[in-house]
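Commentary on secondary and tertiary structure
These are the residues of each chain, in order.
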Amino acid sequence: MAFDIDKYTATSVAVHWGDLDLESFREHPLDDTSLRTLRYMTDVEYHTVCYTRDLLTTPSHRDPDVSAFMTMWNREEFWHGEALAAVLHMHGVTVQYDELKAKRLKLGWKDRLDPIKQSVLGTLVGSDFIATHMAWGAANEWSAITAYNRMAELEENPVLAELLRRIAKQEARHVAFYTSQARARLAASTKAQKLTRFALKRFWAPVGSTIMERDDVVHVMTHLMSGDAGRDAARKVDRSIASLPGLEDLRIVEDALDGLGIAADGDDRVSIR
Amino acid sequence: MRAQETDVEGAADFDVAAFTRSAHGNLRDAVDVEAIRVSPREAQLLGILCVLEGATMAHLRNVLVTATHKDARVTAFLVTWAFEKFWVADALSSVSGSGSTPTGSLPGGPVRRATGGILAGRSIVGAHMVAGYLDDLVLDVAYDTVESDAAPPLRELLAVIRGTKSRHTAFFLSEATRRLASDQRSARLAERGIRREAWPIGAPLLDAATRDAFTASVFGGDVRADHAEHVAHAIAVLPGIRARTASELARTLVKGA
Ligand SMILES: [Fe+2]
Ligand SMILES: [Fe+2]
């Protein structure tokens, strides 16, 4: 199904939470485990511009639909960061632009060279590389929805659940865009399929892995994706990715969890701390 | 490496959080865009402005591969800036009848920009702020030109567009001033950008004939040449920008790049 970009841009809004009773967190605060996960999510959302940058190094920005999508998408993700930061704020955690900047500065040389590598690779493999970026984006957005839904399930806090539901609803529209792009571009080229398969299998890691410490990644994955229920959710993401042309049988999320040593069975949140 | 890591001195006086919270979306909510009738001459200039305002992703492509992407305050601004300009371009596309907003690539490309960016370090952020400011100054002259004999409905739309853009200009001016004042290297990089790039930022997306038409209608004739002087003067008063760079800019604007 084609993605209606005009409809998307016309209805793109900053996620709102003014009507939600965030003050209730003062009386019923989230625990430290959840706050740490929430902080991770906030950082990831605020850093979307770093992913945009990688996407822009490919020729994809010349496509008006992609350009329009990225404009709205960037802003929606920024507001996910703001919404989650508002929840953290109720717990006395303030996220400042300066702190985010400090985190980005830590990226260092690897980060400086990335756009060059991406672009050289992008030039070599041409438009097939756009397909890879789109499939990668789809995998990330599916993961985001899963993470928010899992968190809402585990928390059983109605205010948080509603906010996460609103965010996840926007992530679902991002999935729709990335999958429609990826599907069409992969279907059109077996070279794109091979390249994408290779790139995802070899390099994909849970969203946030490049900006956060491994400890934080392990914490979040243990919190949200461990045990039977977590593993089921991971398999669901893998099945969605594998439904794209040429990506049959890929299991990148499960492999990532295994690589991080996240328990694949048992009760939720068994091995936290 | 040390020199690059020095922080910008002087307090930032533009409230980015307030700006992001009050972003202007679809201009059709405020103005009856469909009802505006324009002359063929107006349509041409408005169509060109549509391309120039829509050059955000092409510009970000070059900007985000440098240290600028690490400044969370600047990127928070740019995310909202791109959003507002998207809707400005959308309205311009509608009144000019130019259809969808064309996109393309600006010269340089990510490899050259990223390589240059590594050498320039964080001083490049100041140069990018000057670029944003200069782009706004040139487009402002273009809006003056359209507005000079526009009928009231078009005037109303232009007022909304210029109101939206005035906040961008304020941010770029405030950041450029602060960063250039505390970092000589920023000023040198800004000067290099002023000399080497085409202005406004999106100009390379236009074909040669369209670019000439833009230059002629915006900076052609004696009166309009004054407008180039006006832009150059605004740039000349930025800290560390030499008079020579500004007067060269004035000549280039009149001549067309
Ligand atoms: Fe998000
Ligand atoms: Fe998303």
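All residue numbers refer to position in the chain's written sequence, counted from 1. Going through the entries in the order they are written, you letter the chains from A and number the ligands from 1. Totals for whole chains, interfaces and linings use all residues, but because this is a predicted model, local features are given only for residues with pLDDT of at least 70 and pairs of side-chain atoms are given and counted only at 80 or more. Hydrogens and waters are ignored; side-chain quantities use all the structure's heavy atoms.

Residue and element names in this part refer to chain A. In this description, a donor is an N, O or S atom within 2.8 Å of the metal centre, a cutoff extended to 3.2 Å for sodium, potassium and calcium. Water is not part of the atom list, which can make sites seem incomplete. Taken together, the protein ligands of the iron ion (ligand 1) are Glu 45 (OE), Glu 45 (OE), Glu 77 (OE), His 80 (ND1) and Glu 171 (OE), with distances of 2.0 to 2.3 Å. For the iron ion (ligand 1), all donor residues lie on one chain, and their spacing in sequence is E-x31-E-x2-H-x90-E. Metal-to-metal, the separation of the iron ion (ligand 1) and the iron ion (ligand 2) is 3.7 Å; Glu 77 coordinates the two. You can see Glu 45 sitting in helix H3 (residues 32-46) and its partner His 80 sitting in helix H5 (residues 64-90), a full 35 residues away along the chain. Residue Glu 45 shares its accessibility class with His 80, and that shared class is buried. A run of H or I in DSSP counts as a helix once it spans at least four residues, and a run of E counts as a strand once it spans at least two, with each numbered from the N terminus. With a 1.4 Å probe rolled over the protein chains alone, any residue whose accessible area is under 20% of its type maximum counts as buried; one over 50% counts as exposed, and the rest are partly exposed.

With that out of the way, let us pick up the coordination of the iron ion (ligand 2). Listed as protein donors to the iron ion (ligand 2) are Glu 77 of chain A (OE), Glu 141 of chain A (OE), Glu 141 of chain A (OE), Glu 171 of chain A (OE) and His 174 of chain A (ND1); their distances from the metal cover 1.9 to 2.7 Å. Mapped onto the sequence, the residues coordinating the iron ion (ligand 2) show the spacing E-x63-E-x29-E-x2-H.

Right, let's talk about the confidence of the model for chain A for a bit. For every residue, the predictor reports its confidence as pLDDT, a number between 0 and 100. Mean pLDDT over chain A: 87, with 85% of residues reaching 70 or higher. Mean pLDDT in chain A bottoms out at helix H7 (residues 108-125) of chain A, which sits at 58, and peaks at helix H12 (residues 227-242) of chain A, which reaches 97.

Before going further, it helps to examine the packing of aromatic side chains. Residue and element names in this part refer to chain B. Each Phe, Tyr or Trp ring (for Trp, its six-membered ring) is paired with any other whose centre lies within 6.5 Å, and the angle between the two planes then decides the class: stacked below 30 degrees, edge-to-face above 60, tilted in between. Counted by the stated rule, this structure contains 22 aromatic pairs over all chains. Between Phe 14 and Phe 19, the aromatic rings sit 5.8 Å apart at their centres with planes inclined by 65 degrees, giving edge-to-face as the arrangement. With a relative accessible area of 15%, Phe 14 lands in the buried category. Considering the side-chain rings of Phe 77 and Phe 172, the 5.2 Å spacing of their centres and the 80 degrees angle between planes classify their relative orientation as edge-to-face. One end of the pair, Phe 77, is in helix H5 (residues 72-96); the other, Phe 172, is in helix H8 (residues 152-182), with 95 residues separating them in the sequence. By relative accessible area, Phe 77 is classed as buried at 0%.

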